[in-house]
Amino acid sequence: MALYTLTIALIFLYIFVTGFHDEGNLIATIICSRSIEAKKALIIASIAQFLGPLVMATAVSTTIAKDVIKYNYIMESGDKIVLLILCGILGATLWNFITWYYAIPSSSSHAMIGGMLGPFVMEYGFLSVNLYGIMTKVIIPLFFSPVIGFGAGYVISLFFWRLLKNAQPSVNELLKKMQYGTMFLLNVVQSANDAQKGMGLIVILMMSKGFTSNFGVPFFVKYLAAFMISFGLLFGGFRMIQSVGGRMYRVRPIHSFNAQLSSLLVVTAATLFGAPISGTQLVNSSILGVGARERPSAVRWQFAKAIFAAWFTTIPISFSFSSIIYIIIARLF
């Protein structure tokens, strides 16, 4: 029971780490474009982050619980399921800490998937992987959401450029005010998407102990997850804001608004579908789309390449971390 409690605590720690690792990306363009004062944006975003897991449906949690690892391997693991998930979370969290320390905007979603797969593959082989579920509900959305985000950023930027090309400079004040709404909604929806990934693992553990018989998430789990992810943003969000907000493209209020709106549309669709996607990927790709539409030569593509490299290496690295951790801990137990 002690290991079970420790694993639950570490999952909530992972949700907290996701808050300071990923969620700062959602307000980076707003702060760097000086659309909203930094402290005000952080407080509003944190409130929205707290509300997200409480008000949104839990389709993403269900995806993590039943579409990554085959159900029979989860249920037949017995007490070993706790150790498997513990090692998976440790591997994902370790990679998140490394990328946060070096201010690399990698994906916590990728880290969790890689971390979760590692121990199960080490114990049961690749047959334990729900190949259809992980491809349709996880891998394809994770890797295609940046492409969609780029396209959405480009198209929305083109639309508003044509709409506002003859507007007076005072239109910037309207765009700044509108971003209160887009920022709030984006943080609500993305917080729900991100927090539910950890909630899905908690549901697996509760089912293995007989505390629940379905994939529904108890309210106290939602509440604690909401608190942890919002507190994580308050604790460390500024480090990622400095990495994302202005290093890829010099953003002004119009760019920030376009990136926020395109990200909001994509993440809302993904969350309702139950697809766990990365807010880091989405915001970055939206900024690239906005910049590519206006002035491709001004986009710092070299920095973007480094981000893409981190995206494609996160799953293998977190997989390796969790696999090694599982091999070591399994021998001790």
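Our subject is the structure that appears above.
Since this is a predicted model, take the numbers as computed values, not measurements.

Colleague: Sorry if this is basic, but what is going on with the overall build of the protein chain here?
Modeller: On a plain count of helices and strands, the protein chain comes out with 13 helices and 0 strands. Its C-alpha atoms give the protein chain a radius of gyration of 20 Å, within 12% of the compact-globule value 20 Å for 333 residues. If you line up the protein chain on its principal axes, its C-alpha atoms span 65 × 35 × 30 Å. Taking as baseline every contact in the protein chain between residues at least 6 positions apart, the subset at least 24 positions apart corresponds to 89%.

Colleague: Is there a simple way to explain the pattern of salt bridges in this structure?
Modeller: Close approach of charged atoms lets side chains of opposite charge pair. This model, assessed by the stated rule, comprises 7 salt bridges. E123 serves as the salt-bridge partner of K80, at 2.9 Å between the closest nitrogen and oxygen. Here K80, found in helix α6 (residues 80-101), pairs with E123, found in helix α7 (residues 108-124); they are 43 residues apart in sequence, far enough to count as distant. The exposure class of K80 is partly exposed, given its relative accessible area of 34%. Several salt bridges share partner residues, and in doing so they unite K66, D67 and K137 into one network.

Colleague: What is the right way to read empty space enclosed by the protein from this model?
Modeller: Once rolled over the atoms, a probe with the size of a water molecule shows which space is left empty. For the structure shown, the criterion picks out 1 cavity of 30 Å³ or more. Around the largest cavity, the lining residues are I85, G88, I89, M112, G115, M116 and L201. Mapped by element, the contributors of at least two residues to the lining of the largest cavity are α6 and α7. Considered class by class, the residues forming the lining of the largest cavity number 5 nonpolar, 2 polar and no charged.

Colleague: Sorry, what's going on with helix α9 (residues 171-208) here?
Modeller: Structural remark: α-helix, 3.6 residues per turn; residues separated by three or four positions point the same way. Between its first and last C-alpha atoms α9 spans 56 Å; for 38 residues at 1.5 Å apiece the expected length is 56 Å, and the two agree. At Q196, α9 shows its maximal kink, close to 30 degrees. For α9, a buried count of 27 out of 38 residues is recorded, marking the element as mostly surrounded by other parts of the structure. Where α9 ends, the next residue or the one after it, G210, has phi of about 80 degrees, a positive value.

Colleague: Whenever I open this one, the packing of aromatic side chains confuses me. Can you help?
Modeller: The relative placement of two aromatic rings is captured by the distance of their centres and the angle of their planes. Counted under the stated rule, the structure contains 12 aromatic pairs. With a centroid separation of 5.3 Å and 55 degrees between ring planes, the pair formed by Y73 and Y124 is classed as tilted. Taken together, the positions of Y73 in helix α5 (residues 71-75) and Y124 in helix α7 put the pair 51 residues apart, joining distant regions of the chain. When the centroid spacing of 6.4 Å and the interplanar angle of 35 degrees are considered together, the rings of F219 and Y223 count as tilted. On the criterion of helical spacing, the pair formed by F219 and Y223 is a turn pair, its members being 4 residues apart in helix α10 (residues 219-244).

Colleague: So what exactly am I meant to see when it comes to unusual backbone geometry here?
Modeller: Peptide bonds are trans in most cases, and residues, glycine excluded, mostly fall at negative phi. At R34, a position not held by glycine, the phi torsion is positive, near 60 degrees. Tracing the chain through its elements places R34 in the loop between α2 (25-32) and α3 (38-55).

Colleague: I tried to follow the environment of K137 on my own but got confused; where do I start?
Modeller: You can see K137 is positioned in helix α8 (residues 131-164). On a C-alpha basis, the gap between K137 and L3 in space is 30 Å, while along the polypeptide they are 134 residues apart.

Here is what the cut-offs are and how they apply
- Residues numbered from 1 in each chain as written.
- Predicted model: local features only at pLDDT ≥ 70, side-chain atom pairs only at ≥ 80, totals over all residues.
- Heavy atoms only, no water.
- Helix = DSSP H or I, 4+ residues; strand = E, 2+ residues; numbered from the N terminus.
- Rg over C-alpha atoms; globule rule 2.2 N^0.38 Å.
- Contact = heavy atoms within 4.5 Å.
- Salt bridge = Lys/Arg side-chain N within 4 Å of Asp/Glu carboxyl O.
- Buried < 20%, exposed > 50% of the residue type's maximum accessible area, 1.4 Å probe, protein only.
- 1 Å grid on protein atoms, 1.4 Å probe; cavity = no way out; pocket = protein on both sides within 12 Å on 5 of 7 lines; lining within 4 Å.
- Points joined across faces, edges and corners; volume = space filled by probe spheres on them.
- Nonpolar A, V, L, I, M, F, W, Y, C, P; charged D, E, K, R; others polar.
- Expected span 1.5 Å × (residues − 1).
- Bend = angle between axes of the 7 residues up to and from the residue.
- Phe/Tyr/Trp six-rings, centres within 6.5 Å; stacked < 30°, edge-to-face > 60°.

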